[in-house]
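Results of the structural survey
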Amino acid sequence: MANLPENRGVQPHAIVPEGVHLLRAGPSCHLDHSDNGYNMQPLDNTRIAVIGLGYVGLPLAVEFGKKYDVVGFDIRETRIHELRSGTDGTLEVSPDELSAASRLSYASELDALRNCTVFIVTVPTPIDSAKRPDLTPLVKASTSLGKVLKRGDVVVYESTVYPGCTEEVCVPLLERESGLKFNVDFFVGYSPERINPGDKKHRVTTIRKVTSGSTPEIAEFVDRLYGSIIVAGTHKASSLKVAEAAKVIENAQRDLNIALINDLAMLFNKLGIDTLEVLEAAGTKWNFLPFRPGLVGGHCISVDPYYLTHKAQQVGHHPDVILAGRRTNDGMGPYIANEVMRLMVRKGINPVGARILILGLAFKENCRTCAIRGWSTSSRRCATTMPRSMCTTRGWMLPRRTTST
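Not measured: the values here are computed from a predicted model.

Here we come to the packing of helix H9 (residues 304–314) against helix H10 (residues 320–330). Across the interface, H9 lies against H10 with an axial gap of 10 Å and an inter-helix angle of 145 degrees. Relative to H10, the crossing made by H9 is left-handed. Residues Pro305, Tyr306, Leu308, Thr309 and Gln313 of H9 form the contact with H10, whose participating residues are Ile322, Leu323, Arg326 and Asp330. Split by residue class, the contact of H9 with H10 holds five nonpolar, two polar and two charged.

Pasting the structure below:
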């Protein structure tokens, strides 16, 4: 395996771990090997595997399952039983939507994927304690896929990565485990996920999809495959790296915009100016972007920029602006905790032994995930200073005027 970032805790020979899911589907598109190369066949001849039945993979499997024969694979028996009973614990897919996917079934055995011809990977790509990319789920999923990969198969990755990761990390694993040759025996695509957990308006089919392939023919194939279910349309990128870069900068841009507003909020707090009044006034100009101060959490915005900065530093570029934004947003938890304690003192409340209730634990509304970095920091700080505090956070916006009493 070539070019794996150092000290990442990746196990090159690991099998699919708990929490890594694989999905197999039916009628789609197929590549037929002949003396003239690989020829496109009708989509109905394809059998799809979507790797990951979490908040990204399951909605995708459900949509494919309305049109194609799809097998959802997950090594967690509890997840399989849950979905077979018609329930999605992530709340991303309703029971009615699950039942509407009449051609979707579930399995927990890797052998169930051996007849698949297309594999779609949607495993998590987190960061470690040192804020470096942790590719363990991606490495293990690719290793497992290599065991069932055949000539003519196509593997499409949706997981957020840095530009070049698919070809530098995933492809060598697929080659090693399968004994096949990339772009000769099997092919790869990249189509980044854009799921917004808890959002019932912007769904997988109503969000425009970026697609790409390792050859022009595969790019066209992947675009056609997604285009058969995405009503919002697709955008075919010229290469895997372009598609990978497009995804990672989507969230880096949002992170930086929020960091700017957070920085301004802290400044206006010292100046005794109402931050929201300033933003409302500035917002009367047509091209002022409506961002608000707050904590940045979740699986994407607080994580993805570190994938880009990791790659930047590998090639000798120091991404000052991106890292500055990350420092600002990562520092909002301690800042808010300090502000709370300062305001308590001004109100005559002794922080020692005080009881604090922070409402809402999820990182956003209508979502069961508790992946919010800033609140975990502020909650720990409050709990350290005030042992009897209760933290059930829902979200934070700086007070309209935090200098007031």
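The structure having been displayed, the exposition proceeds.
Okay, helix H8 (residues 275–282) next. Thr275, Leu276 and Leu279 are the residues of H8 that are buried. Burial along H8 is one-sided: seen end-on, the buried residues are contained in an arc of 95 degrees. Contact partners of the buried residues in H8: helix H7 (240–271). The N-cap residue of H8 is Asp274: its side-chain oxygen and the backbone nitrogen of Leu276 are 3.0 Å apart.

Our next topic: helix H11 (residues 332–346). Between its first and last C-alpha atoms H11 spans 21 Å; for 15 residues at 1.5 Å apiece the expected length is 21 Å, and the two agree. If you check which residues of H11 are buried, you get Met332, Gly333, Tyr335, Ile336, Ala337, Glu339, Met341 and Met344. Among the residues trailing H11, Gly348 stands out with phi positive, at a value near 80 degrees.

Right, let's talk about the nonpolar core for a bit. One finds Phe119, Val121, Leu138, Val155, Tyr157 and Val188 to be the most contacted residues of the largest nonpolar core, which totals 41 residues. Secondary-structure elements contributing two or more residues to this core are strand S4 (48–51), strand S7 (118–121), helix H4 (136–146), strand S8 (154–157), helix H5 (165–178), strand S9 (187–190), H7 and H9. Counting residues per element, this core draws most heavily on H5, which supplies six residues. Counting residues in each nonpolar core, the second largest holds 35 residues, with Leu58, Val156, Val222 and Cys300 among its members.

Here we take up the confidence of the model for the protein chain. For the protein chain, per-residue confidence averages 83 on the pLDDT scale, and 80% of positions sit at 70 or higher. Throughout residues 1–29 the model reports pLDDT below 50, and contacts reaching past four residues in sequence, or to other chains, amount to 143 contacts. Low pLDDT, under 50, characterises residues 374–405; the predicted model gives this stretch 95 contacts beyond four residues in sequence or across chains.

Glancing now at the pattern of salt bridges. Scanning the model with the defined rule gives 21 salt bridges in all. Here Arg103 makes a salt bridge to Asp69, at a shortest N to O gap of 2.9 Å. Linking Arg103 in the loop between helix H3 (95–100) and strand S6 (104–107) with Asp69 in the loop between helix H1 (57–65) and strand S5 (70–74), this pair joins segments that are 34 residues apart in sequence. Taking the relative accessible area as the measure of exposure, Arg103 reaches 34% and is therefore partly exposed. Given a relative accessible area of 35%, Asp69 falls into the partly exposed group.

A few words on the packing of H10 against H11. Look at H10 against H11: their axes get within 5 Å of each other, and the N-to-C directions meet at 30 degrees. Residues Thr328, Asn329 and Asp330 of H10 touch H11, and the partners they reach there are Met332, Gly333 and Pro334. Classifying every residue of the contact of H10 with H11 by side-chain character gives two nonpolar, three polar and one charged.

Conventions adopted
Residues numbered from 1 in each chain as written. Predicted model: local features only at pLDDT ≥ 70, side-chain atom pairs only at ≥ 80, totals over all residues. Heavy atoms only, no water. Axes fitted to C-alpha atoms, helices over the stretch in contact; angles between N-to-C directions. Helix = DSSP H or I, 4+ residues; strand = E, 2+ residues; numbered from the N terminus. Left-handed = near helix turned anticlockwise from the far one by under 90°. Contact = heavy atoms within 4.5 Å. Nonpolar A, V, L, I, M, F, W, Y, C, P; charged D, E, K, R; others polar. Buried < 20%, exposed > 50% of the residue type's maximum accessible area, 1.4 Å probe, protein only. Arc of directions from axis to C-beta. Polar contact = N/O pair within 3.5 Å; in protein donor to acceptor, adjacent residues only side chain to side chain. Expected span 1.5 Å × (residues − 1). Core = buried A, V, L, I, M, F, W, Y, C linked by side-chain atoms within 4.5 Å. pLDDT = per-residue confidence, 0-100. Salt bridge = Lys/Arg side-chain N within 4 Å of Asp/Glu carboxyl O.

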